[in-house]
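What follows is the residue order along each chain.
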Amino acid sequence: MRARATALLCFFCIGLIIVPAIAANDERYGYITVDSVKIQLENDTAHVDVHYAVDEGTRLIFFLLGKQDLKNKLLKILNYDDAQMQHINLSDAEFVVNDAAYSYGNGIYWYPAHQFNVAIPKLTVVTPQVVRNYTNTNLFPDGMGYFETGHLTETRE
């Protein structure tokens, strides 16, 4: 009888460990839950806006120790090597990625496929010509070509 109770207790404890792992959220990385990512392409530069939520228990730590760990985790989520932070707070951040797209000259650019390290519930990629929206993905597939925006000059006759 005692062996059965011990075995049942062991299965219960293992269940407590496994169930949270199974229920883990794909949009989550550590204490960050990603809501959306918007990538605005301008020539070869990508302006990346990330919206997210952080666990309530971590807010005090940010005020005491700073936001460097938050920045590092966001960079890991975005998976860009040379992203530069422009702005960060407890709900959104802005990064700039230089040379994110390849230039073919004459104002023609190619933004390649990109892998994120978590699932992004709402991904938006904006070029001067088109907007593409994706849901629940960790991949911007196939890449896309676009043209730089020309500066229109008005002429008078």
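Residues numbered from 1 in each chain as written. Predicted model: local features only at pLDDT ≥ 70, side-chain atom pairs only at ≥ 80, totals over all residues. Heavy atoms only, no water.

1. A word on the overall build of the chain
Part 1 of the argument: Across its full length, the chain holds 3 helices and 10 strands.
Part 2 of the argument: Of the regular secondary structure in the chain, the N- to C-terminal order runs α-β-β-β-α-α-β-β-β-β-β-β-β.
Part 3 of the argument: Across the 157 residues in the chain, those meeting the buried criterion constitute 33%.
Part 4 of the argument: Summed over all atoms, the accessible surface of the chain reaches about 10300 Å², with 54% contributed by carbon and sulfur. (Helix = DSSP H or I, 4+ residues; strand = E, 2+ residues; numbered from the N terminus. Buried < 20%, exposed > 50% of the residue type's maximum accessible area, 1.4 Å probe, protein only. Areas by Shrake-Rupley, 256 points an atom, 1.4 Å probe, with all protein chains shown as cover.)

2. A short note on the pairing of strand β4 (residues 83-88)
Part 1 of the argument: Summarising the sheet, β4 and strand β5 (residues 92-97) pair through 5 bridges and their orientation is antiparallel. Along β5, the bridge assignment pairs His87 with Glu94. (Pairing = 2+ DSSP bridges.)

3. Examining the sheet that holds strand β7 (residues 108-111)
Part 1 of the argument: Pairing is antiparallel across the open sheet formed by 3 strands, whose spatial order is β6-β7-β10. Taken across any chain shown, the strands that pair with only one partner, and hence form the sheet edges, are β6 (102-103) and β10 (144-147).

4. Some thoughts on a nonpolar patch on the surface
Part 1 of the argument: Nonpolar side chains collect at one region of the surface, where Tyr102, Tyr104, Ile108, Trp110 and Phe147 lie side by side and expose about 550 Å² of accessible area between them.
Part 2 of the argument: With respect to the secondary-structure elements, Tyr104 resides in the loop between β6 and β7. (Patch = residues over 30% accessible without salt bridge, like charges linked within 9 Å, V, L, I, M, F, W, Y side chains within 5 Å. Salt bridge = Lys/Arg side-chain N within 4 Å of Asp/Glu carboxyl O.)

5. Comments concerning the environment of His47
Part 1 of the argument: Mapped onto the fold, His47 is located in strand β3 (residues 45-54).
Part 2 of the argument: The exposure class of His47 is partly exposed, given its relative accessible area of 28%.
Part 3 of the argument: A C-alpha to C-alpha distance of 6.0 Å links His47 and Phe95, two positions 48 residues apart in sequence.
Part 4 of the argument: Among residues more than four places away in sequence, those in contact with His47 are Lys38, Ile39, Gln40, Glu42, Phe95 and Val96. (Contact = heavy atoms within 4.5 Å.)

6. A short note on helix α3 (residues 68-78)
Part 1 of the argument: Taken together, the buried positions of α3 are Leu70, Lys73, Leu74, Ile77 and Leu78. One face of α3 carries all of its buried residues, which in axial projection span an arc of 135 degrees.
Part 2 of the argument: Asn79 sits one or two residues past α3 and shows a positive phi near 65 degrees. (Arc of directions from axis to C-beta.)

7. A look at the nonpolar core
Part 1 of the argument: Among the nonpolar cores identified, the biggest contains 36 residues, and Ile39, Val48, Leu70, Leu74 and Tyr111 are the most heavily contacted of them.
Part 2 of the argument: For Leu74, the contacting residues outside a window of four places in its chain are Ile32, Val50, Tyr52, Ile88, Ala93 and Phe95. (Core = buried A, V, L, I, M, F, W, Y, C linked by side-chain atoms within 4.5 Å.)

8. A closer look at the side chain of Thr45
Part 1 of the argument: As for its position among the elements, Thr45 is in strand β3.
Part 2 of the argument: Here Asp44 takes part through its side chain, which lies 3.4 Å from a polar atom of the side chain of Thr45.
Part 3 of the argument: Dropping the residues within four chain positions of it, Thr45 is found in contact with Gln40, Val96, Val97 and Asn98. (Polar contact = N/O pair within 3.5 Å; in protein donor to acceptor, adjacent residues only side chain to side chain.)

9. Here's the deal with the packing of aromatic side chains
Part 1 of the argument: For the structure on display, the rule yields 4 aromatic pairs.
Part 2 of the argument: Between the aromatic rings of Tyr134 and Phe140, the centroid separation amounts to 5.6 Å while the plane-to-plane angle is 90 degrees, which identifies the pairing as edge-to-face.
Part 3 of the argument: Of the aromatic side chains, those joined through ring pairs into one cluster are Tyr111, Tyr134 and Phe140. (Phe/Tyr/Trp six-rings, centres within 6.5 Å; stacked < 30°, edge-to-face > 60°.)

10. Some words on the pattern of salt bridges
Part 1 of the argument: Inspection of the entire model under this criterion finds 3 salt bridges.
Part 2 of the argument: Ionic pairing is found between Arg59 and Glu56, a salt bridge with its closest N-O pair at 3.4 Å.
Part 3 of the argument: Given the relative accessible area of 29%, Arg59 is considered partly exposed.

11. A look at the environment of Glu148
Part 1 of the argument: Inspection of the secondary structure puts Glu148 in the segment after β10.
Part 2 of the argument: Distance from Glu148 to Asn106, taken between C-alpha atoms, is 8.8 Å for residues 42 residues apart in sequence.
Part 3 of the argument: Excluding residues within four positions of it along the chain, Glu148 makes contact with Asn43, Gly107, Tyr109 and Gln129.
Part 4 of the argument: Engagement of the side chain of Glu148 in a polar contact is seen with the side chain of Tyr109, the distance being 3.5 Å.

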